[in-house]
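Secondary and tertiary structure notes
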Amino acid sequence: MKPRLASLRARLLTLWALSLLACAAIAMLLVQFYQESTEAQVARAASEIARACDLIRDGYNDALGLHEKGDDLVAVVGLALARQEGVEGGIWQADAGPLAYAFPTYRGSGPKTDLPPAEREQIQTVNREAARDQRPVDHRTVSGDQTLLLSACPLPGAPAGLTGWTMTRVNAVPGYTRLVLGLGVLFALMLLMSAWLGRTLIVWARHVGGIERALAATGGDPMPAIARTGERELDRVIDALNDAGRRLAETRRASEALSARVARAERLASLGRVAAGVAHEIRNPIAAARLQGENALAGDDRRRMQAISDMLAQLERLDALVGELLAMTQRVEPKPVAVDLPGFLAEQAGRHAAVAADKGVRIDTRSDGGTVMLDPAVVGRILDNLLANAIRHAPEGGRVIVAAHRQQEELVITVEDTGSGVPGDMADRLFEPFATGRADGTGLGLAIARELADAHGGRLELLRAVGRTAGEGAMFALILPSRPACQPS
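Structure report, in brief.

Core analysis: the largest hydrophobic core is formed by 39 residues, its most contacted members being Val400 and Ile413. It is helix H9 (residues 376–393) that contributes the most residues to this core, 8 residues altogether. For Val400, the contacting residues outside a window of four places in its chain are Val361, Arg362, Ile363, Asp364, Leu387, Ala390, Ile391, Ala394, Val415, Glu416 and Asp417. Membership of the second largest hydrophobic core comes to 18 residues, among which are Ala45, Ala102, Leu149 and Leu162.

And the structure:
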């Protein structure tokens, strides 16, 4: 499984979301506690006025028949509500209206004897409902932070439609104002936290973007010195980056100096190997030419003519060696053109047909067919070298196979023979200059062929040094891109 990577922004946003949920939960709990406290107080008050209404009914039963005297009914109500703190009530007749009213626990300057006009309509409604249904009726009205509770119960006896009623007011829990203030403070804190978090994200994003731009502007050059931001955590990272950049620059300078020394040493070593190879290759023809010259001076005309002929052969050998050395140093700029692949391979094989026939070697060509883009002169020189080597190492009656096929975006041309293959001590240095196993060879052919393949944007490889079964010799592969990206060699 891939590890889950969380950015700083995602983590801060998650923290903010969790804080918001926590604040919302706290606010909901506070509101719920407040509502439950208010509901409990209202429920308790509703129970009290219902019991007070029962007290009025019991008092009226005890004083049944006194209803025609209003003062006596007021006394009944007052006695029933004497110990009911904050409860007022009376007796109501459906047709006549209020018959008695009392509020014995009223906290005013004197006794309150008048029915409250603001609640008269609601009192009338609840009493009529109780008289009509002949059952106790409760009524609740919420207005702002105050709840009005009314309770009415039917009274026995005449006249008909007689009911008792009680009423009280329940104010909200005293902490309502503090609750609103607390919720406001909580909301303000959430706004402040959101603003602070947003500013932090913006500042950090700006600083990180500046670091990214500073690093991207180098374009692979040594890391630049990044300016500090003032943010402690970011500055620690910036200091580490600057320190790493300094150490990287020092390491790079040391590596470049070491690479330059190694390159100089390799060039000197290569020059030494080339010089040794050139000296060896030139010394033999020169020694042979000197010997032939001495023979010409000491001999008769026939010997002089033979010596001069041998000297010219040695000079021709020296000229061929110089030509091959020049071929390694001259720049080659391939010019790819559309070439018919089967015809091109047949033409290359035809150039060596006579030599192969003299040795009793057959050359076979195979290809996928079609047209390819290549420089026939450059590729022809490479194949000339490979075919000459293959024919030279193939036994009498053997075969040389030249095959070509397309492999993905590449053209692969292979040359194999049925000879004894490449000796093990030669396989690793086969493409080096002057690496040869023949006394008359210069060892430059394959080195030149590899340089030409590189110039054509391809590569020359030894696919098989020695076959696993009889009749399998060495196999070389010239691998070229289908669309050459040639470079001078």
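Moving on: the side chain of Gln84. On the secondary structure map, Gln84 appears in the loop between helix H2 (70–80) and strand E1 (88–93). Discounting chain neighbours no more than four positions away, the residues touching Gln84 are Glu48, Arg51, Ala52, Leu55 and Thr105.

All right, on to the packing of aromatic side chains then. Considering all chains together, one arrives at 2 aromatic pairs under this definition. Consider the rings of Tyr101 and Trp165, whose centres lie 6.1 Å apart with planes at 25°: the pair is stacked. Separated by 64 residues along the polypeptide, Tyr101 in strand E2 (residues 97–102) and Trp165 in strand E5 (residues 162–171) bring together distant segments of the chain. Both residues of the pair, Tyr101 and Trp165, belong to the buried class. Look at Phe103 and Tyr106: their rings are 5.5 Å apart centre to centre, the planes differ by 50°, and that puts the pair in the tilted class.

In this section: the pairing of strand E8 (residues 371–374). The two faces of E8 differ: Val372 and Leu374 on one face are buried, but Thr371 and Met373 on the other face are not. The pairing of strand E6 (residues 337–340) with E8 spans 4 bridges and is antiparallel. Across the sheet, Val339 pairs through a bridge with Val372, a residue of E8.

On to the side chain of Gln93, then. The residue Gln93 is located in strand E1 in this model. Residue Gln93 is classed as buried on the basis of its relative accessible area, which comes to 6%. A polar contact of 2.8 Å, which involves the side chain of Gln93, links it to the backbone nitrogen of Asp95. The contact partners of Gln93, leaving out residues within four places of it in the chain, are Leu99, Pro159, Ala160, Gly161 and Leu162.

Reading across from one edge, E2-E1-E5-E4-E3 is the order of the 5 strands in this open sheet, with antiparallel pairing throughout. The sheet is open, and its two borders are formed by E2 and strand E3 (137–143), each paired with just one other strand. Here the average twist between neighbouring strands, direction ignored, is 20°. Pairing between E1 and E5: 6 bridges, direction antiparallel.

As a further point, take the state of the cysteines. The final tally for this structure, using the stated rule, is 1 disulfide. One disulfide bridge connects Cys53 with Cys153, the sulfur atoms lying 2.3 Å from each other. Taking the sign of the S-S torsion, about -105° here, the bridge from Cys53 to Cys153 comes out left-handed. Of this pair, Cys53 sits in helix H1 (residues 8–62) while Cys153 sits in strand E4 (residues 146–154), placing them 100 residues apart in sequence. Both residues of the pair, Cys53 and Cys153, count as buried.

Before going further, it helps to spend a moment on the environment of Asn295. Its place among the elements puts Asn295 in helix H5 (residues 232–298). The exposure class assigned to Asn295 is partly exposed, which follows from its relative accessible area of 27%. Separated by 12 residues in the primary sequence, Asn295 and Ala307 place their C-alpha atoms 6.5 Å from one another.

With that out of the way, let us pick up the packing of helix H7 (residues 341–351) against H9. As a packed pair, H7 and H9 sit with axes 10 Å apart at the nearest point and diverge in direction by 45°. By the angle class used here, H7 and H9 are oblique. Remark: the crossing between H7 and H9 carries right-handed chirality. Side by side, H7 and H9 meet where Phe344, Leu345, Gln348, Ala349 and Arg351 of the first sit next to Pro376, Val379, Gly380, Leu383, Asp384 and Leu387 of the second. Its residues assigned to classes, the contact of H7 with H9 shows 7 nonpolar, 2 polar and 2 charged.

Next up on the list: the environment of Glu432. Here Glu432 shows up in the loop between helix H10 (424–427) and helix H11 (445–455). Residue classification places Glu432 among the partly exposed residues on the basis of a relative accessible area of 40%. Considered as a pair, Glu432 and Ile448 are 16 residues apart in the sequence and their alpha carbons are 9.3 Å apart.

To continue, consider the pairing of strand E9 (residues 399–407). Looking at chain direction, strand E7 (residues 362–367) and E9 are connected through 6 bridges and run parallel. In the sheet register, Ile363 faces E9, and the bridge partner there is Val400. Between E9 and strand E10 (residues 410–417), which pair antiparallel and follow one another directly, the connecting turn spans 2 residues, one of which, Gln408, has a positive phi of 60°.

A word on a nonpolar patch on the surface. There is a patch of nonpolar side chains on the surface, built from Leu181, Val185, Leu189 and Leu192 and spanning about 400 Å² of accessible area. Along the polypeptide, Leu192 turns up in helix H4 (residues 176–216).

In the structure shown here, the tally under the stated rule is 18 salt bridges. Close ionic contact of Arg247 with Asp243 constitutes a salt bridge, the shortest N to O distance being 3.0 Å. Taken together, the residues span about one helical turn, with Arg247 and Asp243 both in helix H5 at a distance of 4 residues. Judged by its relative accessible area of 31%, Asp243 is partly exposed. One salt bridge connects Glu410 with Arg459, and the closest N-O pair in it is separated by 3.3 Å. Here the residue Glu410 occupies a position in strand E10, and Arg459 occupies one in strand E11 (residues 459–464), the gap between them amounting to 49 residues. The class of Arg459 is partly exposed, set by a relative accessible area of 34%. By sharing partners, the salt bridges in this structure join Glu129, Arg132, Asp133 and Arg135 into a single network.

Conventions and cut-offs
- Residues numbered from 1 in each chain as written.
- Predicted model: local features only at pLDDT ≥ 70, side-chain atom pairs only at ≥ 80, totals over all residues.
- Heavy atoms only, no water.
- Core = buried A, V, L, I, M, F, W, Y, C linked by side-chain atoms within 4.5 Å.
- Buried < 20%, exposed > 50% of the residue type's maximum accessible area, 1.4 Å probe, protein only.
- Helix = DSSP H or I, 4+ residues; strand = E, 2+ residues; numbered from the N terminus.
- Contact = heavy atoms within 4.5 Å.
- Phe/Tyr/Trp six-rings, centres within 6.5 Å; stacked < 30°, edge-to-face > 60°.
- Pairing = 2+ DSSP bridges.
- Polar contact = N/O pair within 3.5 Å; in protein donor to acceptor, adjacent residues only side chain to side chain.
- Axes fitted to C-alpha atoms, helices over the stretch in contact; angles between N-to-C directions.
- Disulfide = S-S within 2.5 Å.
- Parallel < 35°, antiparallel > 145°, perpendicular 65-115°, else oblique.
- Left-handed = near helix turned anticlockwise from the far one by under 90°.
- Nonpolar A, V, L, I, M, F, W, Y, C, P; charged D, E, K, R; others polar.
- Patch = residues over 30% accessible without salt bridge, like charges linked within 9 Å, V, L, I, M, F, W, Y side chains within 5 Å.
- Areas by Shrake-Rupley, 256 points an atom, 1.4 Å probe, with all protein chains shown as cover.
- Salt bridge = Lys/Arg side-chain N within 4 Å of Asp/Glu carboxyl O.

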